[in-house]
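# Close look at the chain arrangement
Residue-level listing of the chains:
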Amino acid sequence: YLAKVGGPAGLLQATHIGLTLYLGGIELVDLRAPHPSASSSGSILLTSLLSSYASALSSSAALEYLILIPDSASHAGPTAPMSTVSRTAKAYVQSLIVESGAFEDLAGVMGLDGNRMCPDGSNSNAPGLLDTHFSPSEISDLLCAASSEALRRGRGQDAAELLSLAGRYTALLSLLNSELASLLVVEDPADQELADKRAFWRTAGDNFHSIHLRGGPNHVLAALEAENRLDLTSTFALIMNLMVFFDRCQIRDWEGAWSLIDEIGLFPSEEETMSRNVANYQALDTALKGKPFRRAVLYTMESLYQQHSALKGRLGGSQSSQEAGTINQRLGDLRRRARLLVTFAGLCRLDGDVSAKIARMEAYMV
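Each residue is numbered by its place in its chain's sequence as written, counting from 1. Local features in this predicted model are restricted to residues whose pLDDT is 70 or higher, and side-chain atom pairs enter the listing and the counts only when it is 80 or higher, whereas totals over whole chains, interfaces and linings include all residues. As a convention, hydrogens and water are excluded, and side-chain values are obtained from all of the structure's heavy atoms.

All right, on to the overall build of the protein chain then. On a plain count of helices and strands, the protein chain comes out with 17 helices and two strands. Over its C-alpha atoms the protein chain spans a radius of gyration of 30 Å, topping by over 25% the 21 Å that the globule rule assigns to 366 residues. Counting only C-alpha atoms, the protein chain reaches 100 × 45 × 35 Å along its principal axes. Exposure categories follow from relative accessible area, calculated using a 1.4 Å probe and restricted to protein chains: below 20% of the type maximum is buried, above 50% is exposed, and the middle band is partly exposed. Per-residue burial for the protein chain yields a buried fraction of 43% across its 366 residues. Counting from the N terminus, the helices are the DSSP runs of H or I reaching at least four residues and the strands are the DSSP runs of E reaching at least two. Here the globule rule reads 2.2 Å times residues to the power 0.38, and the radius of gyration is calculated from C-alpha atoms.

Structure, rendered in structure tokens:
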């Protein structure tokens, strides 16, 4: 009754009365329930009181109340002390992490050595508020679960930060790969929101690479190796290179784009490498298959076609026979690579529309 009609002060009083009774071994009964039962409604009532009261508090204060939430099947009394945090309480703490966004206060910051530390940069056995109530492994599990919840809410940036704090580098790199692969190209230059999103994830990728993937063995590579997922680093490197490739295509730097994609070795350069390239395609991470890969094929053919058109326009001018011979040789090489790309797309059984488009472009390269 206090919680319902007493406003904030009533909720405060009701929460503390209920908590005192519960911890004192006196079962709570919600008399408003259709079939009141101390065994079930008591813990539900206390959970409702604690969570409602905590929602109006700061993250630090809210945490102290949420950890007192019992499981629905728990019973109050001297024989059941609340010495451990219940699973239900952990679920509420998980939501607190996501909703408050107070990651530094709750979990600290991640140091370069892979250990969490205080936001001020000092080392401590309790870098965040969570450390007062949970073990390091429990905190890692909470942060990882909070990351999944953030991702379900469409908050990918928060999800990445939480995975980093959790030390879950396999999941973090998988998330980076997935987000970056979906943002390889911004088709509409006027879509500033998408451009900003791409810029954020690209910066995050650059930072991850400079901090964790350069300079030899470290805790991140050790964690990936322990889970047998070093392949994620290869996928990550390929995606970051493809972003540069697409950027060059967007500014019509066709020679620069072709030079990079040829260096990557994603597509066959000779008939003899065809089977190996097809096998490499089949082994690609799922983040790159589908639309990202189809775009890479289309833009690669576009770069070949545009180079061919530009070179062909130079023939018949005042160049010497030697220069004309060099141009013709280059034109022939571009046509050869275009034919290989068409064959490759067919062997990979790419989308029929993609195969038709690149076949038309190849046919015009005469």
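Looking now at unusual backbone geometry. Of note, R252 is a non-glycine position whose phi angle comes to about 65°, a positive value. Locating R252 in the fold gives a position in the loop between α12 (231–250) and α13 (254–264). Residue class for R252 comes out exposed when judged on its relative accessible area of 53%. With a phi angle near 55°, R349 is a residue other than glycine that sits in the positive phi range. In this fold, R349 is placed in the loop between α16 (321–347) and α17 (352–364).

Turning our eyes to something else, we now look at the packing of aromatic side chains. Ring pairs are drawn from Phe, Tyr and Trp, using the six-membered ring of Trp, whenever the two centres fall within 6.5 Å, and their geometry is named by plane angle: stacked under 30 degrees, edge-to-face over 60, tilted for the rest. All chains considered together, the criterion is met by nine aromatic pairs. What links up through ring pairs into an aromatic cluster is the set F267, Y281, F293 and F344.

Okay, the packing of helix α7 (residues 136–152) against helix α8 (residues 156–166) next. The convention used is that axes are lines fitted to C-alpha atoms, helices contributing only their stretch in contact, and that angles between N-to-C directions extend from 0 to 180 degrees. The N-to-C vectors of α7 and α8 enclose an angle of 165°; their axes lie 8 Å apart at closest approach. Put simply, α7 runs roughly antiparallel to α8. Between α7 and α8 the crossing geometry is left-handed. In this structure, α7 uses S140, L143, C144, A146, S147, A150 and L151 to contact α8, whose residues at the interface are G156, D158, A159, L162, L163, L165 and A166. Roughly parallel here means an angle under 35 degrees, roughly antiparallel means over 145, roughly perpendicular means 65 to 115, and every remaining angle is called oblique. Each crossing gets its hand from how the near helix is turned against the far one by less than a right angle, where anticlockwise is left-handed and clockwise is right-handed. By definition in these notes, contact holds between two residues if any of their heavy atoms fall within 4.5 Å.

This next bit is on the nonpolar core. Across soluble globular proteins, nonpolar side chains have a tendency to be buried as a group. Remark: nonpolar core denotes a set of buried residues (Ala, Val, Leu, Ile, Met, Phe, Trp, Tyr, Cys) joined through side-chain atoms within 4.5 Å. Membership of the largest hydrophobic core comes to 99 residues, with the highest contact counts inside it found for I97, L130 and L242. Here L242 is in contact with L184, I261, L266, L288 and A296, once residues within four sequence places are set aside.

Of all the positions in helix α4 (residues 59–66), only S59, A62, L63, Y65 and L66 are classed as buried. For α4, the arc enclosing every buried residue in end-on projection is 165°, short of the 170-degree limit, so these residues lie on one face. Note that the arc is computed from the directions linking the helix axis to the C-beta atoms.

On to the side chain of S140. Inspection of the secondary structure assignment puts S140 in helix α7. Distance and chemistry together define a polar contact, namely a pair of N or O atoms within 3.5 Å, with one atom able to donate a hydrogen and the other to accept it when in protein, and with adjacent residues in sequence counting only for side-chain atoms on both sides. Of note is the side chain of S140, whose polar atom sits 2.9 Å from the side chain of R168. When residues no more than four places from it in sequence are discounted, the contact partners of S140 are A166 and R168.

Turning to the pattern of salt bridges, a few remarks are in order. As a working rule, side chains carrying opposite charge can pair if their charged atoms are close by. We define a salt bridge as a side-chain nitrogen of Lys or Arg found within 4 Å of a carboxyl oxygen belonging to Asp or Glu. Taken as a whole and assessed by the stated rule, the structure comprises 14 salt bridges. A salt bridge links R198 to D247, with the nearest nitrogen and oxygen atoms 3.1 Å apart. Here R198, found in helix α10 (residues 192–212), pairs with D247, found in helix α12; they are 49 residues apart in sequence, far enough to count as distant. We note a salt bridge from R330 to D333, for which the minimum N-O separation is 3.1 Å. With R330 and D333 both in helix α16, this residue pair falls three residues apart, about one helical turn. Residue R330 is classed as partly exposed on the basis of its relative accessible area of 28%. Among the charged side chains, a network of salt bridges with common partners joins E270, R330, D333 and R336.

Moving on to the environment of E362. Within the secondary structure, E362 sits in helix α17. Sequence-wise, E362 and R339 are 23 residues apart; in three dimensions their C-alpha atoms are separated by 6.8 Å. Apart from residues lying up to four places away in sequence, E362 is in contact with M301, A338, R339 and V342.

Topologically, L12 is positioned in helix α2 (residues 7–23). The class for L12 is partly exposed, based on a relative accessible area of 36%. When the C-alpha positions of L12 and L242 are compared, they lie 56 Å apart, and in sequence the two are 230 residues distant.

Right, let's get into the packing of helix α9 (residues 169–182) against α10. A pair of packed helices can be characterised by two numbers: the angle between their axes and the separation between those axes. Between α9 and α10, whose axes approach to 10 Å, the crossing angle comes to 140°. When the interaxial angle is binned, α9 and α10 end up oblique. Two packed elements cross with a definite hand, and for α9 against α10 that hand is left-handed. Touching L172, L173, L175, L176, E179 and L180 of α9 are K197, W201, R202, A204, G205 and F208, all from α10. Any residue that is not Ala, Val, Leu, Ile, Met, Phe, Trp, Tyr, Cys, Pro, Asp, Glu, Lys or Arg is counted as polar, Gly included; the first ten are nonpolar and the last four charged. For the contact of α9 with α10, a count of residues per class yields eight nonpolar, one polar and three charged.

Here we come to a nonpolar patch on the surface. Residues with no salt bridge and a relative accessible area higher than 30% make up the patches, which join like charges within 9 Å and nonpolar side chains (Val, Leu, Ile, Met, Phe, Trp, Tyr) within 5 Å. To be clear on the numbers: accessible area is Shrake-Rupley with a 1.4 Å probe, and residue cover counts the displayed protein chains and nothing else. On the surface, I17, L21 and I26 cluster together to form a nonpolar patch covering roughly 240 Å² of accessible area. Along the chain, the position of I26 falls in the loop between α2 and α3 (38–54).

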